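Fold and geometry: a report
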Amino acid sequence: WEEEMARIVGLASVKEQVATFKRDREMDELRRQQGNDVPYETRFHMVFYGNPGTGKTHMGRLMAQLLFELGITQTDKLVEVQRGDLVASHIGQTAQKTAKVIESAKSGVLFVDEAYQLAGRGERDFGPEAIEQLMSVLNDPPGKAPVVIFAGYKEDMRTFMATNDGIQRRINPACNFDFADY
């Protein structure tokens, strides 16, 4: 994991933020081993803000490895999805489709690329149903549900997150990553 991180060109602020996240988790574990009462952080879900080609998906794969190495997830599996993998075309099918995807990723990480596209596109759109299904597991601990990474264009994701307090409340503020253009 660390060798791969070192090979990444650019993304200095993201790499530093990931390093801080890693150190914080390691320090929490060390404190627990020494008998200190350390509240266990259960919110590991993340948001990756960035334009195409800035390394979000690659960093998602690395985060899946890191979360596994830290003992947060059971595997380093990353399931990458987009709107079409979660949203069906008929009433009642989206929740089932999304639930199957969540189940397939529950031991690792679910990477929702272009997550802002799940926002409603009108009265007959089922994207919000997929969002509701995702939100229903965001309070569950890793293993019972996947760690979810929401990713997409900076401005579209900022708008999506600002209009969806439910998701925003379930994301650890330290897990919002800004991917600068190269």
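For every chain, the first residue of the written sequence is number 1, and numbering continues from 1 onward in sequence order. With the structure being a predicted model, the display of local features is reserved for residues of pLDDT at least 70 and the display and counting of side-chain atom pairs for 80 or more, all residues being used for whole-chain, interface and lining totals. Heavy atoms from the whole structure form the basis of all side-chain values; hydrogens and water molecules are not counted.

1. What to know about the environment of leucine 118
- By the element assignment, leucine 118 lies in the loop between strand E3 (109-113) and helix H6 (127-135).
- For every residue, the accessible area (1.4 Å probe, protein chains only) is compared with the maximum for its type, and the residue is labelled buried under 20%, exposed over 50%, or partly exposed between those bounds. By relative accessible area, which is 2% here, leucine 118 ends up buried.
- Two residues qualify as a contact provided that any one of their heavy atoms is within 4.5 Å of a heavy atom in the partner residue. With residues up to four places along the chain from it excluded, the contact list for leucine 118 reads Arg83, Leu86, Val87, Val112, Asp125, Gly127, Pro128, Ala130, Ile131 and Leu134. Starting at the N terminus, helices and strands are each numbered in turn, a helix being any DSSP run of H or I of at least four residues and a strand any DSSP run of E of at least two.

2. Some points on the pairing of strand E1 (residues 46-50)
- Within E1, five of the five residues are buried, leaving the element largely enclosed by the surrounding structure.
- Burial of the side chains of E1 extends over both faces: Met46, Phe48 and Gly50 are buried on one face and Val47 and Tyr49 on the other.
- As paired elements, E1 and strand E4 (residues 147-152) share four bridges and run parallel to each other. The residue bridging phenylalanine 48 from the neighbouring strand is alanine 151, located in E4.
- At least two DSSP bridges between two strands are needed for those strands to be called paired. Sheet analysis places E1 next to strand E5 (residues 176-179), joined by four bridges and oriented parallel.

3. A word on the pattern of salt bridges
- We define a salt bridge as a contact between a side-chain nitrogen of Lys or Arg and a carboxyl oxygen of Asp or Glu at a distance within 4 Å. Within the structure shown, the criterion is met by 11 salt bridges.
- Of the charged contacts, one joins glutamate 4 and arginine 7 as a salt bridge, the two residues approaching to 2.7 Å between their closest N and O atoms. In this pair, glutamate 4 and arginine 7 both sit in helix H1 (residues 2-7), three residues apart, roughly one turn of the helix.
- In this structure, arginine 32 engages glutamate 29 in a salt bridge whose closest nitrogen and oxygen atoms are separated by 3.5 Å. Of this pair, arginine 32 and glutamate 29 both sit in helix H2 (residues 12-33), three residues apart, roughly one helical turn.

4. Structural notes on helix H5 (residues 93-105)
- To estimate how far a helix should extend, the number of its residues minus one is multiplied by 1.5 Å. Along its 13 residues, H5 runs 19 Å from first to last C-alpha, staying within 8% of the 18 Å computed at 1.5 Å per residue.
- For H5, every residue scored as buried is listed here: Thr94, Thr98, Val101, Ile102 and Ala105. What you see down the axis of H5 is that its buried residues fit within an arc of 100 degrees, all on one side. Seen from the open side of H5, the exposed residues pointing more than 90 degrees away from its buried face are Gln96 and Lys100.
- Looking at the buried side of H5, the elements it contacts are strand E2 (78-81), helix H4 (83-86), E3 and H6. Comment: arc refers to directions from the helix axis out to C-beta atoms.

5. Examining the sheet that holds E5
- The five strands lie next to each other as E2-E3-E4-E1-E5, forming an open sheet whose pairing is parallel. Either end of the sheet is taken by a strand with one partner, and the two such strands are E2 and E5. Looking at each pair of strands side by side, their axes are set apart by 20 degrees on average, direction ignored.
- Fitting a line to C-alpha atoms yields each axis, with helices limited to the stretch in contact; the angle taken between N-to-C directions then spans 0 to 180 degrees. The strands touched by helix H7 (residues 154-162) are E1, E4 and E5; relative to E1, the strand with the most contacts, the crossing angle is about 145 degrees.

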